[in-house]
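Each chain, letter by letter, is given below.
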Amino acid sequence: MANVLDGKALAQKIRTQLQQEIQSLQVKVGRPPGLAVLMVGENPASAVYVRNKERACEQVGIVSFGSHFPANISQAELTEVIHSLNNNPTVDGILLQLPLPPHLNAIPLLYEISPDKDVDGLHPANMGRLVRGEAGLRSCTPAGVMQLLREYNIEVAGKDAVVVGASILVGKPMALMLLEAESTVSIAHIKTRDLAKLTCDAEILVVAAGYPKLITPQMVKPGAVVVDVGINRITDYEGRSVIVGDVDFAGVEPLVDYISPVPGGVGPMTVAMLLQNTLWSYKQRVQYSLQ
Ligand SMILES: NC(=O)c1ccc[n+]([C@@H]2O[C@H](COP(=O)([O-])OP(=O)(O)OC[C@H]3O[C@@H](n4cnc5c(N)ncnc54)[C@H](OP(=O)(O)O)[C@@H]3O)[C@@H](O)[C@H]2O)c1
Ligand SMILES: Nc1nc(=O)c2c([nH]1)NC[C@@H]1CN(c3ccc(C(=O)N[C@@H](CCC(=O)O)C(=O)O)cc3)CN21
Ligand SMILES: [Mg+2]
């Protein structure tokens, strides 16, 4: 039986640490950290994220400025909203929930978010820092995966790692962080000819494709570490709406050494890293008032 990577428990531990640090800092600074989350239209994965994030902010003492915009908001209107948040001194973090409705273009909007407040790490300046191995705001989900591996003392250096998925939100920054930790990294994507051949060689397998049961028992190396990033809402055999990952958990779990569950794995870690990034950004911003 595999060890289950308990992201829920680790995230709770991190939130307790953050709560204590925020409590003592805000006395000196005179205001709590602030996080603005912009959600446009309806997206089930985003809705889960926004709900969990608001609860977590409240727990640690971060003020959350949640804004939910109708699906028909224009590119210009959303750009204006971002500019006003950039100029708002009580906002330390700005997160634009992805994906956006088709009439909106995410890339130009991600350029508009001030790199100092880009708690998703998606601005080219922050992605560039990651590529170069510099400190900075980094994408929450891959940062959460790395922290989870560290918590369980899982050796990464020298290992063969495979990342399934190559998005700028998860797959690409994940591969860069695994490389920084000195593993040998391969990235699979939709055009990969033989996915199973690649995944069968993976000692560390991180899956972020958004496809339920993409990874079957035949596709994993016995004794591997499997991290499931996928968040898919499906209807189960009893007609209920449930969340599942990209890995056939029941089939894969008996074969591997470590596996992260969905829910309770990477998702809560993403939220914890978002809070951590917001605190980091706040500390950068208020360092003068602390001297
Ligand atoms: N747990 C969390 O905290 C968290 C955070 C973010 C996202 N997610 C979830 O993680 C999943 C991925 O998110 P994302 O934002 O990275 O999604 P995305 O932008 O849709 O990217 C998915 C990536 O997977 C690749 N892919 C899709 N089907 C594939 C297949 N059959 N074989 C190989 N590669 C395949 C795509 O390839 P192409 O680009 O070539 O099409 C793309 O690179 C989703 O389920 C999302 O909800 C979870
Ligand atoms: N800009 C941006 N950044 C993101 O990190 C992001 C988006 N957009 N859009 C949606 C996806 C999906 N993300 C998620 C999705 C779920 C959880 C989460 O907390 N999952 C929990 C609870 C699931 C449940 O309530 O059942 C889990 O245990 O997996 C976190 C981040 C983050 N994502
Ligand atoms: Mg999860």
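Below you will find a few notes about this structure. The shown structure was predicted, so the numbers you read here are calculated from the model rather than taken from an experiment. (Residues numbered from 1 in each chain as written. Chains lettered and ligands numbered in written order. Predicted model: local features only at pLDDT ≥ 70, side-chain atom pairs only at ≥ 80, totals over all residues. Heavy atoms only, no water.)

Thoughts on the sheet that holds strand 8 (residues 225-228)
- The strand order across the open sheet built from six strands is 1-11-8-7-5-6, with neighbouring strands paired in parallel fashion. At either end of the open sheet lies a strand with only one pairing partner, and these are strand 1 (3-4) and strand 6 (184-188).
- Sheet analysis places strand 1 next to strand 11 (residues 258-259), joined by two bridges and oriented parallel. Bridging across to strand 11, V4 finds its partner in I259.
- Running at roughly 170° to strand 5 (residues 160-164), helix 7 (residues 171-180) makes contact with strand 5, strand 6 and strand 7 (204-207) of the sheet. (Pairing = 2+ DSSP bridges. Helix = DSSP H or I, 4+ residues; strand = E, 2+ residues; numbered from the N terminus. Contact = heavy atoms within 4.5 Å. Axes fitted to C-alpha atoms, helices over the stretch in contact; angles between N-to-C directions.)

Thoughts on the site of ligand 1
- Inspection of the region around ligand 1 gives 21 residues, with A166, S167, I190, V229 and T270 positioned closest.
- For ligand 1, an oxygen atom lies 2.8 Å from a polar atom in the backbone of A166.
- Backbone polar atom of V229 to a nitrogen atom of ligand 1: 3.1 Å apart, as the coordinates give it.
- Contact with the protein chains covers 70% of the free accessible surface of ligand 1, which is 920 Å².
- Per-element tally for the shell around ligand 1: the top contributor is helix 10 (residues 266-286), with three residues.
- Looking at the shell around ligand 1 residue by residue, the class counts come to 12 nonpolar, nine polar and no charged. (Near = heavy atom within 4 Å. Polar contact = N/O pair within 3.5 Å; in protein donor to acceptor, adjacent residues only side chain to side chain. Areas by Shrake-Rupley, 256 points an atom, 1.4 Å probe, with all protein chains shown as cover. Nonpolar A, V, L, I, M, F, W, Y, C, P; charged D, E, K, R; others polar.)

Notes on the nonpolar core
- Ranked by size, the top nonpolar core spans 51 residues in total, and within it V145, L149, L178, V206 and V227 carry the most contacts.
- In this structure V206 touches V145, V162, V163, V164, M174, L178, V227 and V229, once residues within four positions along its chain are discounted. (Core = buried A, V, L, I, M, F, W, Y, C linked by side-chain atoms within 4.5 Å. Buried < 20%, exposed > 50% of the residue type's maximum accessible area, 1.4 Å probe, protein only.)

A word on the packing of aromatic side chains
- A full pass over the atoms with the stated rule returns one aromatic pair.
- The interplanar angle of 70° and the centroid separation of 6.3 Å between the aromatic rings of Y152 and Y258 together place this pair among those described as edge-to-face. With a gap of 106 residues between them, Y152 in the loop between helix 6 (140-151) and strand 5 and Y258 in strand 11 connect regions that are remote in the sequence.
- Among the residues examined, Y152 registers a relative accessible area of 26% and is labelled partly exposed. (Phe/Tyr/Trp six-rings, centres within 6.5 Å; stacked < 30°, edge-to-face > 60°.)

Some remarks on the site of ligand 2
- Close contacts around ligand 2 come from 20 residues, with N52, L96, L98, D120 and G264 the closest.
- A distance of 2.7 Å is found between an oxygen atom of ligand 2 and a side-chain nitrogen or oxygen belonging to N52.
- Here an oxygen atom of ligand 2 and a backbone polar atom of G264 are 2.6 Å apart.
- For ligand 2, the protein covers 86% of the area, taking 680 Å² as the surface of the free molecule.
- Of all elements in the fold, only helix 2 (44-60), strand 4 (93-96) and helix 10 reach the threshold of two or more residues within the shell around ligand 2.
- In terms of residue count, helix 2 provides more of the shell around ligand 2 than any other element does, six residues in total.
- When its residues are assigned to classes, the shell around ligand 2 shows 12 nonpolar, six polar and two charged.

Observations concerning the pattern of salt bridges
- Inspection of the entire model under this criterion finds eight salt bridges.
- Residues E134 and R132 are paired through a salt bridge, measuring 2.9 Å at the closest nitrogen-oxygen approach.
- Put simply, R240 and D236 hold a salt bridge, and the shortest N to O gap is 3.3 Å.
- The class of R240 is partly exposed, set by a relative accessible area of 47%.
- Residues participating in the shared-partner salt-bridge network are R31, D92 and R285. (Salt bridge = Lys/Arg side-chain N within 4 Å of Asp/Glu carboxyl O.)

Focus on the sheet that holds strand 2 (residues 34-40)
- Read across the open sheet, the three strands follow the order 3-2-4; overall the sheet is parallel. Edge positions in the sheet fall to strand 3 (63-69) and strand 4, since each has one partner strand and no second. Ignoring which end each strand starts from, the neighbouring axes of this sheet average 15° apart.
- Where strand 2 and strand 3 come together, seven bridges link them in parallel fashion. Directly across from V37, in strand 3, lies its bridge partner G66.

None of the figures reported here should be taken as evidence of function without further support.
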